[in-house]
Amino acid sequence: MSYYDYEVTAQDGSTVSLKEYEGKVLLIVNTATGCGFTPQYEDLEKMYADYRDQGFEVLDFPCNQFANQAPGTDDEIKEFCTLKFGTEFPQFKKIDVNGDNADPLFADLATEMPFQGFGKGIKAKALEKFTAANNKQFGDKAYIKWNFTKFLVDREGKLIARFEPTVEMGEVAKAVASAL
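The model shown is predicted, which means the values in this text are computed figures rather than measured ones.

1. Quick word on unusual backbone geometry
The phi angle at Ala 67 is positive, at roughly 55°, despite the residue not being glycine. Note on placement: Ala 67 falls in the loop between strand E4 (56-62) and helix H2 (74-85). The class for Ala 67 is partly exposed, based on a relative accessible area of 46%. In this structure, Phe 148 takes a positive phi of about 65° despite not being glycine. With respect to the element layout, Phe 148 can be found in the loop between helix H4 (122-135) and strand E5 (150-153).

Have a look at this one:
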């Protein structure tokens, strides 16, 4: 199985085959514009600028399933990200990552590499409480625990790492550089 075999929906509603990214290292992220982790867009754009010429892509999938932190339309979200963070990486149509309507890409990524915790510290403890309450509604289909969960896919289309939003972005950047 290769993650290049998946199809996703572009912001304009057209179908995009991930085969378009075949041979590239992918960082697949569910995002939100009103989250405490939203400043990670800046780090994601920096990684994209630093590594895109080496075959790296950030694939951004907005999601409003976590405390309604991505309430805007696809166009509003794109405009916010472009104006506030200068994002140039591909941003796709807003999706669900949990529940019966979860996008198959995210359901499969999270099933292959399940949640292992948010780590330690105050931020992690606080997030555990929020996620427990929020994700009750999804039962056994709570694949993703919060915004800015990242999945790293290698050049062969194989999943090699999962990063929860609490992981330092420097650690994510090191893993990306290593995969390249």
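2. Quick word on helix H5 (residues 169-179)
Looking at H5, one finds that the buried residues are Met 169, Val 172, Ala 173, Val 176 and Ala 179. An end-on view of H5 places all buried positions within 125° of arc, on one side of the element. In H5, the exposed residues that point more than 90 degrees away from the buried face are Lys 174 and Ser 178. In this structure, the buried side of H5 is in contact with strand E3 (25-31), helix H1 (40-51), E4, E5 and strand E6 (159-163).

Reading guide: rules and limits
- Residues numbered from 1 in each chain as written.
- Predicted model: local features only at pLDDT ≥ 70, side-chain atom pairs only at ≥ 80, totals over all residues.
- Heavy atoms only, no water.
- Helix = DSSP H or I, 4+ residues; strand = E, 2+ residues; numbered from the N terminus.
- Buried < 20%, exposed > 50% of the residue type's maximum accessible area, 1.4 Å probe, protein only.
- Arc of directions from axis to C-beta.
- Contact = heavy atoms within 4.5 Å.

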